[in-house]
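Breakdown of the fold
These are the residues of each chain, in order.
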Amino acid sequence: MRHFLRDDDLTPEEFEAVLDRALELKSDPYAAKPFAGPQTVAMIFDKPTLRTQASFAVAISDLGGNPMLVDGNLAMIGVRESIADTARVLGRMTSAIVWRTGDQARIDEMAQCAGVPVVNALTDQFHPCQGLADLLTVREHKGALAGLTLTMVGDTASNMGHTYLLSGALAGMHVRLSGPDGFQPLPDVFARATEIAAATGGSVTWVSDPRDAVSGADAVATDTWVSMGKEDEAAHRLAKFHPWQLDSRLLSEAAPDAIVLHCLPAYRGKEITAEVIDGPQSVVFDEAGNRLHAQKAILSKLMEWR
Ligand code: NVA
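Residues numbered from 1 in each chain as written. Predicted model: local features only at pLDDT ≥ 70, side-chain atom pairs only at ≥ 80, totals over all residues. Heavy atoms only, no water.

The next thing to look at is the overall build of the chain. Scanning the chain from terminus to terminus reveals 13 helices and nine strands. For 306 residues, the compact-globule estimate of 2.2 N^0.38 gives 19 Å, and the chain sits close to it at 18 Å. Taking the principal axes of its C-alpha atoms as reference, the chain extends roughly 55 × 40 × 35 Å. For the chain, the residues scored as buried account for 57% of the 306 residues in total. (Helix = DSSP H or I, 4+ residues; strand = E, 2+ residues; numbered from the N terminus. Rg over C-alpha atoms; globule rule 2.2 N^0.38 Å. Buried < 20%, exposed > 50% of the residue type's maximum accessible area, 1.4 Å probe, protein only.)

Moving on to the sheet that holds strand β3 (residues 96-100). Here four strands make up an open sheet; going across it, the order is β2-β1-β3-β4 and the pairing parallel. The sheet is open, and its two edges are formed by β2 (66-71) and β4 (118-120), each paired on a single side. Neighbour to neighbour, the strand axes of the sheet diverge by 20° on average, direction disregarded. Pairing geometry for strand β1 (residues 40-45) and β3, over five bridges, is parallel. The partner of isoleucine 44 across the bridge, within β3, is tryptophan 99. Against the sheet, helix α5 (residues 104-114) engages β1, β3 and β4, with an angle of about 165° to β4. (Pairing = 2+ DSSP bridges. Axes fitted to C-alpha atoms, helices over the stretch in contact; angles between N-to-C directions. Contact = heavy atoms within 4.5 Å.)

Moving on, we get to the nonpolar core. Ranked by internal contacts, the top residues of the largest apolar core, which has 57 residues, are Phe56, Leu132, Leu135 and Val138. Ranked by size, the runner-up nonpolar core spans 19 residues in total, among them Ala217, Leu250, Leu251 and Ala254. (Core = buried A, V, L, I, M, F, W, Y, C linked by side-chain atoms within 4.5 Å.)

Here the focus is the pairing of β1. Burial analysis of β1 places six of its six residues in the buried class, the great majority of the element. Across the two faces of β1 the burial is the same, with Thr40, Ala42 and Ile44 and Val41, Met43 and Phe45 all buried. Sheet topology places β1 next to β2; six bridges connect them, and they run parallel. Paired with threonine 40 across the two strands is asparagine 66, which belongs to β2. In this fold, β1 hands off to helix α2 (residues 51-62), which returns the chain to β2; that crossover is right-handed. (Right-handed = clockwise from strand over helix to strand, strands pointing away.)

What follows concerns the packing of helix α1 (residues 12-27) against helix α13 (residues 284-305). In contact at an axis separation of 8 Å, α1 and α13 are set at 120° when each is read in the N-to-C sense. In terms of axis orientation, α1 runs oblique to α13. At the point where α1 passes α13, the crossing takes the right-handed sense. Contacts between α1 and α13 involve Glu14, Ala17, Val18, Arg21, Ala22, Leu25 and Lys26 on the former and, on the latter, Asn290, His293, Ala294, Lys296, Ala297, Ile298, Ser300, Lys301, Glu304 and Trp305. Residue classes in the contact of α1 with α13 are distributed as eight nonpolar, three polar and six charged. (Parallel < 35°, antiparallel > 145°, perpendicular 65-115°, else oblique. Left-handed = near helix turned anticlockwise from the far one by under 90°. Nonpolar A, V, L, I, M, F, W, Y, C, P; charged D, E, K, R; others polar.)

Laid out in structure tokens, this is it:
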């Protein structure tokens with residue numbers, strides 16, 4: 001049984017094959033029907049969602065299945081009922097489980113007990129479906145991934161920081177991260193990305209000065225400074241992160257044809273200026289749309305690999 005709990009659950013070859021499948025399904029949306037029946041796929045959200053719920057619901061329907069929304073506030077997984085018991089119940093009724101939750105250990109436990117493929121729809125540590133969508137978008141705009149420089153500025157200790165490290169390394173990219181002291185990615189994730197990059201011809205680097213990090217980059221990404229669950233730290237974070245704001249001055253350090261990524265939701269005037277996110281180099285809405293194609297691809301591959 002295969003799951004997609006973090007980016008490096010895929011090998012570099014599989015990562016590329018998933019992006020290939022995403023492009024195929026983007027041009028022929030109803031070509032794959034792994035959930036014909038229709039089989040049901042559970043989508044559970046313990047945290048807010050818009051893009052992820054919409055893109056998974058459409059993806060599962062397009063793949064011939066029936067998306068079943070489970071409200072995390074009602075299910076209270078791990079409080080009202082253990083994760084293991086929930087997994088055993090849902091695994092008997094569904095063909096796959098998509099879960100947005102907090103700590104990664106929760107989704108690991110779900111995967112161990114479910115008996116069906118489990119997909120991470122964001123945890124505190126990783127957002128691997130977003131990683132696929134982002135690199136699909138870069139590939140569409142740049143033609144290839146290996147050898148390109150992908151820079152993320154801002155909260156690199158976040159799920160997106162970790163996902164850019166691992167997914168960029170899998171694709172053979174040069175990943176640079178830059179943020180304030182105290183907001184570095186987890187050392188074990190950085191080490192794992194370094195190991196992957198050594199095999200794919202990519203690299204991962206931490207750069208303290210945001211201008212050096214962005215210099216010559218092919219794609220520049222940022223994300224909210226206040227991830228879901230971190231709202232209590234908002235004031236402290238907003239004060240620290242300002243030098244890493246992605247504004248047109250910082251973007252001018254990148255390659256002239258660099259593209260701008262943001263997983264959304266975006267806070268204009270905080271991590272990114274309106275001029276940049278709404279400007280000509282921004283591809284953020286293509287990126288959002290690509291969630292659908294990337295998730296169809298990973299779901300169809302997981303059903304094939306069972
Ligand atoms: N880092 C953000 C991503 C939102 C899609 C968060 O966890 O809130």
